[in-house]
Amino acid sequence: MKITRIETVITRPPIRHSGMLGVGALENVDSVIVRLQTDDGIEGVGESSPWPVFADNAFSIKETIDRYLAPAVIGRSVMDIETILLAMDAVHYAAHFAKAGVEMAALDAAGKALGRPVYDLLGGLVRDRVNLSYSVTNQDIAKDLDEIRWLLDQGFKVLKIKTGVLPARIEIERFAAIRNLVGDDFDIRVDFNQGGKRDQVLRLCRELEKYNPTFIEQPVKSWDLDGMRALAQALDAPIMADESVLSLEQGFQVVKCEAADIVSIKIMKPGGIVRSKKLAAICEAAGIPCYAGAMWESGIGIAASLHFACSTPIVRYGSDFYICNFLMTDDLIRTPLQVENGDILVPHGPGLGIEVDWEAVERYRLR
């Protein structure tokens, strides 16, 4: 089961609407699709889904895989995931998003070779679904409320309100209107995406706390662990780190510095599922619960994230896995991931448990 070939394609599937987040605008959802073949005819598929203002871009990812990572892993067994990771580390520093896509394809192939879902390779299931959390990004109260009504009709039980763009007065009015619409017991989260101003963010967070958010995510810049820790100590609402955890090592520093009450794990950030499991173990040892996050993946990457989240006990908060079913207007897999009562279910077939729609990949390919 040795790797004989790796090909990459950049895709840009259409989305319902653009959005504005604290760190920048979402205009497109570019992904690098990784297609891996083995000497016994098994094919594995992975996805690297970046956001240029967050961490990386699709064009550099494709070049990194084609020029550095693929040559380093060809000839290795898809079963030797740790060896594959070390081989990629030996030829390129960091490049976590690129490495995540290659590792995902290898795990998909390994699962298919064994006739088992990827979650069985990770220790088995502790749950078979996670809550869907939809990110509201319109930055306009009327548009937000209209979209939230649609989401409630779709069965959503969790909303994440993207904050840090509008003036503080309007943000407070916005949260008051949203809380009034959904009721006192509805699960609302706050996400600044680093958009909070260091000298004002504590005051704003104290105002937003009045609307009982489940947590407040990444209120200050990713590197400002002192600021994150100060907010965690000052506020009753838990503080969640996301952009502060762009690697396994950064995750360790966040835990060590007590800079967050919750850690968001997106399998792209540490460099794949295996290292995401290691990050989760660090958090579990420290008693810090985790959130199952996502970038802007199609059904390919979301399926992989579900295998991680559903096999990891410390993941107690669900998830940004709505993208392929509710933000994209067309997906890259033939059968949509199953959504039931506001939850998204892990696929149970061999490997990732999905079938890629290669016609869709070609249709949305960036040339």
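The rules behind each value
- Residues numbered from 1 in each chain as written.
- Predicted model: local features only at pLDDT ≥ 70, side-chain atom pairs only at ≥ 80, totals over all residues.
- Heavy atoms only, no water.
- Helix = DSSP H or I, 4+ residues; strand = E, 2+ residues; numbered from the N terminus.
- Rg over C-alpha atoms; globule rule 2.2 N^0.38 Å.
- Buried < 20%, exposed > 50% of the residue type's maximum accessible area, 1.4 Å probe, protein only.
- Lys, Arg positive; Asp, Glu negative; His and termini not counted.
- Charge placed at Lys NZ, Arg CZ, Asp CG, Glu CD.
- Pairing = 2+ DSSP bridges.
- Right-handed = clockwise from strand over helix to strand, strands pointing away.
- Phe/Tyr/Trp six-rings, centres within 6.5 Å; stacked < 30°, edge-to-face > 60°.
- Lys NZ or Arg CZ within 6 Å of the ring centre and 35° of its normal.
- Contact = heavy atoms within 4.5 Å.
- Polar contact = N/O pair within 3.5 Å; in protein donor to acceptor, adjacent residues only side chain to side chain.
- Patch = residues over 30% accessible without salt bridge, like charges linked within 9 Å, V, L, I, M, F, W, Y side chains within 5 Å.
- Areas by Shrake-Rupley, 256 points an atom, 1.4 Å probe, with all protein chains shown as cover.
- Salt bridge = Lys/Arg side-chain N within 4 Å of Asp/Glu carboxyl O.
- 1 Å grid on protein atoms, 1.4 Å probe; cavity = no way out; pocket = protein on both sides within 12 Å on 5 of 7 lines; lining within 4 Å.
- Points joined across faces, edges and corners; volume = space filled by probe spheres on them.
- Nonpolar A, V, L, I, M, F, W, Y, C, P; charged D, E, K, R; others polar.
- Bend = angle between axes of the 7 residues up to and from the residue.
- Disulfide = S-S within 2.5 Å.

Within the protein chain one finds 13 helices and 16 strands. In terms of C-alpha radius of gyration, the protein chain reaches 20 Å, essentially the compact-globule figure of 21 Å for 367 residues. Principal axes of the C-alpha set define a box for the protein chain whose edges measure 60 × 40 × 40 Å. Among the 367 residues that make up the protein chain, the fraction classed as buried is 58%. Across the protein chain, the mean location of the 40 positive side-chain charges is 2 Å away from that of the 51 negative side-chain charges.

Here the focus is the pairing of strand E7 (residues 133-136). The two faces of E7 match: Ser133 and Ser135 on one face and Tyr134 and Val136 on the other face are all buried. Both E7 and strand E8 (residues 158-162) contribute to a ladder of four bridges, which runs parallel. Its bridge partner lying in E8, Ser135 is registered against Lys160. Crossover E7 to E8 through helix H5 (residues 141-153) is right-handed.

A word on the sheet that holds strand E15 (residues 339-340). With antiparallel pairing, the three strands of this open sheet are ordered in space as E6-E16-E15. The open sheet terminates on both sides in strands that have one partner only, identified here as strand E6 (129-131) and E15. Across three bridges, E6 lies against strand E16 (residues 343-345) in antiparallel orientation. Opposite Asn131, over in E16, you have Asp343 as the bridge partner.

Tallied over the entire structure, the rule returns eight aromatic pairs. Residues Trp51 and Trp296 carry aromatic rings whose centres are separated by 5.7 Å and whose planes lie at 90° to one another, so their mutual orientation is edge-to-face. Residue Trp51 is found in the loop between strand E5 (43-48) and helix H1 (58-73), and its partner Trp296 is found in the loop between strand E13 (290-292) and helix H11 (299-309); the two are separated by 245 residues along the sequence. Seen in terms of ring centroids, Trp150 and Phe326 are 6.3 Å apart; in terms of plane orientation they differ by 75°. Their pairing is edge-to-face. Of the two residues, Trp150 is situated in helix H5 and Phe326 in helix H12 (residues 323-327); the sequence distance between them amounts to 176 residues. On the accessibility criterion, Trp150 (31% relative accessible area) is partly exposed. In textbook terms, an aromatic cluster arises when at least three aromatic residues are bridged by ring pairs, as seen for Tyr134, Trp150, Phe156, Tyr322 and Phe326. Seen from the ring of Trp358, Arg35 lies directly overhead, with NZ or CZ sitting 3.7 Å from the centre.

In this section: the environment of Arg116. When you line up the elements, Arg116 lands in the loop between helix H3 (96-114) and helix H4 (118-121). Separated by 72 residues in the primary sequence, Arg116 and Ile188 have C-alpha atoms spaced 36 Å apart. Dropping the residues within four chain positions of it, Arg116 is found in contact with Gly111, Gly349, Pro350 and Gly351. Polar contacts involving the side chain of Arg116 include one to the side chain of Asp120, which spans 2.5 Å.

Together, Met1, Met79, Leu114 and Leu121 line one region of the surface with nonpolar side chains, adding up to about 310 Å² of accessible area. For Leu121, the position within the fold is in helix H4. On the basis of relative accessible area, Leu121 is assigned to the partly exposed category, the value being 33%.

On to the layout of surface pockets, then. Here the largest pocket defines a volume of roughly 360 Å³. Sorting the residues of the lining of the largest pocket by element identifies H3 and helix H9 (248-256) as the ones contributing at least two each. Looking at the lining of the largest pocket residue by residue, the classes come out as eight nonpolar, four polar and six charged.

Moving on, we get to H1. The axis of H1 is deflected most strongly, by about 45°, at Ile65. Inspection of H1 places Ala58, Ile61, Thr64, Ile65, Leu69, Ala70, Ala72 and Val73 among the buried residues, and these make up the whole buried set. The N-cap of H1, judged by a side-chain oxygen 3.0 Å from the amide nitrogen of Phe59 a few residues on, is Asn57. One or two steps after H1, the chain reaches Gly75, where phi turns positive at roughly 95°.

Before going further, it helps to examine the pairing of E8. The buried fraction of E8 amounts to five of the five residues, a majority that puts the element mostly inside the structure. Every second residue of E8 is oriented toward a common face, with Val158, Lys160 and Lys162 on one face and Leu159 and Ile161 on the other, all of them buried. Pairing between E8 and strand E9 (residues 187-191): five bridges, direction parallel. Paired with Leu159 across the bridge in E9 is Ile188.

Quick look at the state of the cysteines now. Under the criterion given, the structure shown has zero disulfides. For Cys283, which is in no disulfide, the shortest distance to another cysteine sulfur is to Cys290 and amounts to 3.8 Å. Looking at Cys290, the relative accessible area reads 0%, which means it is buried.

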